[in-house]
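Reading the structure
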Amino acid sequence: MKKNKGFVLPVGLVILLIATMIVLLTANSNMTQDKIVSTSHDREVALQNAEKALRVAETYIYKNLDGTSDYSSTCVGGLCLASATSNLWTTIDWENNTANVIQLSGTDVVANTSKQPKYIIEALDSVSNVVGESSKVTNYQNLGLAFRVTAVAWGQNSSSKVMLQSIYVKNN
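Cut-offs used in this document
Residues numbered from 1 in each chain as written. Predicted model: local features only at pLDDT ≥ 70, side-chain atom pairs only at ≥ 80, totals over all residues. Heavy atoms only, no water. Helix = DSSP H or I, 4+ residues; strand = E, 2+ residues; numbered from the N terminus. Buried < 20%, exposed > 50% of the residue type's maximum accessible area, 1.4 Å probe, protein only. Salt bridge = Lys/Arg side-chain N within 4 Å of Asp/Glu carboxyl O. Disulfide = S-S within 2.5 Å. Core = buried A, V, L, I, M, F, W, Y, C linked by side-chain atoms within 4.5 Å. Contact = heavy atoms within 4.5 Å. Phe/Tyr/Trp six-rings, centres within 6.5 Å; stacked < 30°, edge-to-face > 60°. Polar contact = N/O pair within 3.5 Å; in protein donor to acceptor, adjacent residues only side chain to side chain.

**Here's the deal with the overall build of the protein**
Secondary structure summary: the protein contains two helices and five strands in total. Taken across its 172 residues, the protein has 34% of its residues classed as buried.

**Notes on the pattern of salt bridges**
As enumerated under the stated definition, the model contains four salt bridges in all. Ionic pairing is found between R148 and E122, a salt bridge with its closest N-O pair at 2.8 Å. Placement of the pair is R148 in strand β4 (residues 144-154) and E122 in strand β3 (residues 118-124), with a sequence separation of 26 residues. Assigned by exposure class, R148 and E122 land together as buried.

**Quick word on the state of the cysteines**
Scanning all chains against the criterion turns up one disulfide. Put simply, C75 and C80 are joined by a disulfide, and their sulfur atoms are 2.0 Å apart. Sign of the S-S torsion, about 125° for the bond between C75 and C80, identifies this disulfide as right-handed. Overall, the relative accessible area of 0% leaves C80 in the buried class.

**Looking at the nonpolar core**
Among the nonpolar cores identified, the biggest contains 19 residues, and I61, L65, Y119, I121, F147 and V149 are the most heavily contacted of them. Elements with a minimum of two residues in this core: α1 (8-64), β3 and β4. At five residues, α1 tops the list of elements feeding residues into this core. Setting aside its immediate chain neighbours within four residues, V149 contacts L54, A57, I61, Y119, I120, I121, L164, Q165 and S166. Core analysis: the next-biggest nonpolar cluster, separate from the first, contains 10 residues, C80, W89, V101 and W154 among them.

**Description of the packing of aromatic side chains**
This model, assessed by the stated rule, comprises one aromatic pair. Ring centres of Y71 and F147 lie 6.2 Å apart, and the angle between their planes is 45°; on these two criteria the pair is classed as tilted. You can see Y71 sitting in the loop between α1 and β1 (79-81) and its partner F147 sitting in strand β4, a full 76 residues away along the chain. With respect to class, Y71 is no different from F147; both count as buried.

**Some words on unusual backbone geometry**
Even without glycine at this site, C75 takes up a positive phi of about 60°. Since its relative accessible area comes to 3%, C75 is described here as buried. For N112, which is not a glycine, the phi torsion comes out positive at approximately 55°. Relative to the elements of secondary structure, N112 occurs in the loop between β2 (102-103) and β3. By relative accessible area, N112 is classed as exposed at 59%.

**Side note on the side chain of S166**
With respect to the secondary-structure elements, S166 resides in strand β5 (residues 161-171). For S166, a relative accessible area of 13% gives the class buried. Polar side-chain contacts of S166 include one of 2.8 Å to the side chain of E58. Setting aside residues up to four positions removed in sequence, S166 forms contacts with L54, E58, F147, R148 and V149.

Structure representation (C-alpha cells):
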C-alpha cells in the first residue's frame, strides 16, 4: 500500500489564499471607486449651489442696486467697492463670516448642503479685458453699471467647496 503525503491540502490552501486576496483587492477597488463617485457628485452639488447664488445675486442687482447704493471697501452687508490693489474675495472668511457676505435665505435656501451659499457684490469702475473672455467691455459708463459677483457654495460635505464669479452689467 502506498502512503498519501498530503500534497493536495497545501495546494488547496494556496489556491484559497490567492482567491481570497483577489476578492479583497476587488472589494477595495470598488470602495475607492465609490468614494470617487461620491466626491464627484458632491462637487457637482456645490457647483449647482454656487450657480444658484450667482443667479440670486444678479437678480438682486437688477431689482435693488444702482450707483447710489451703499458700497464699502470693507464689504459691509456684502456690498463692496472693488479694490485696485487686492482681490476682495480672497480676504473674506467664507466659512464663518456673516457680516461681510450675503447668505441665501428665505425661498432661495438650498436643501441638502452643509452650509448655505454666500456671495458678495463688488461695484466696478471698469471691466478689464482678459484673454478668453467673451465680453470685451472696457468701461462700464458706456453700457451701465458693472458688478462682479463672487459666490461660494458647499456640497453635502463641507470639504466640497466651489467659488464662481460673474460680471453683471446693469443698463442705465
